[in-house]
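Next come the chains, spelled out residue by residue.
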Amino acid sequence: MAVSIRLKRGGRKKRPFYRIVASEGSSPRDGRFIEILGVYQPIFEPAVVEIKEDRMKHYLKNGARVSPTVKTLCQKQGIEVPNACCQKKKTHAKKKKKD
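Here is a short report on the structure shown in this document.

Criteria and thresholds
- Once a new chain begins, its residue numbering starts again from 1 and follows that chain's sequence as written.
- pLDDT decides what is reported in this predicted model: residues at 70 or higher carry local features, side-chain atom pairs at 80 or more are listed and counted, and totals for whole chains, interfaces and linings draw on all residues regardless.
- Hydrogens and water are ignored here; the side-chain numbers use all heavy atoms of the structure.
- Here a strand pair is declared whenever DSSP counts at least two bridges between the two strands.
- We count a stretch as a helix when DSSP gives it H or I for four or more residues in a row; a strand needs E for two or more, and each element gets its number in order from the N terminus.
- We call a set of buried residues a nonpolar core when its members are Ala, Val, Leu, Ile, Met, Phe, Trp, Tyr or Cys and they connect through side-chain atoms within 4.5 Å of each other.
- Accessibility here uses a 1.4 Å probe with only protein chains present; expressed as a share of the type maximum, an area under 20% marks a residue as buried, one over 50% as exposed, and anything in between as partly exposed.

**Describing the pairing of strand β1 (residues 3-12)**
So, point 1. By the bridge criterion, ten bridges tie β1 to strand β2 (residues 15-24) in an arrangement that is antiparallel. The partner of Lys8 across the bridge, within β2, is Arg19.
So, point 2. Counted between consecutive antiparallel strands, the loop separating β1 from β2 contains two residues, among which Lys14 sits at a positive phi close to 65°.
So, point 3. As defined by bridge partners, β1 adjoins strand β5 (residues 65-66) across two bridges and the pair is classed as parallel. Its bridge partner lying in β5, Ile5 is registered against Val66.

Shown next, in the form of structure tokens:
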């Protein structure tokens, strides 16, 4: 299974913080992970983003898939993420109306 880089939620109700983690693609959102790559704290003004750039580049070089939110955070930090590494956002199909 492929390695994916995504957010793992922590904190209490209405006070979230997130860890940027490398995990197996089949593991649950807050489940087992391989390595912590950074921290994202959206509560603070401005939001705090800390990323281990060398480890992030290591996983990207080895073909890890990146979630859309992590891709945005990386771009704000100046880390280049190739489009081939990005996961597509899930879209819900609209139901067709019958006349």
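Still to come is the rest of the account.
**Details of the nonpolar core**
So, point 1. Among the nonpolar cores identified, the biggest contains 18 residues, and Ile5, Ile20, Leu37, Ile51, Met56, Val70 and Cys74 are the most heavily contacted of them.
So, point 2. Within the residue set of this core, elements represented by two or more residues are β1, β2, β3 (35-41), β4 (48-51), α1 (53-61) and α2 (68-77).

**Re the pairing of β3**
So, point 1. Both β2 and β3 contribute to a ladder of five bridges, which runs antiparallel. From the neighbouring strand, Arg19 faces β3, where its bridge partner is Val39.
So, point 2. The pairing of β3 with β4 spans four bridges and is antiparallel. Within the sheet, the bridge partner assigned to Gly38 lies in β4 and is Ile51.
So, point 3. Hairpin connection, β3 to β4: the antiparallel pair is bridged by six residues.

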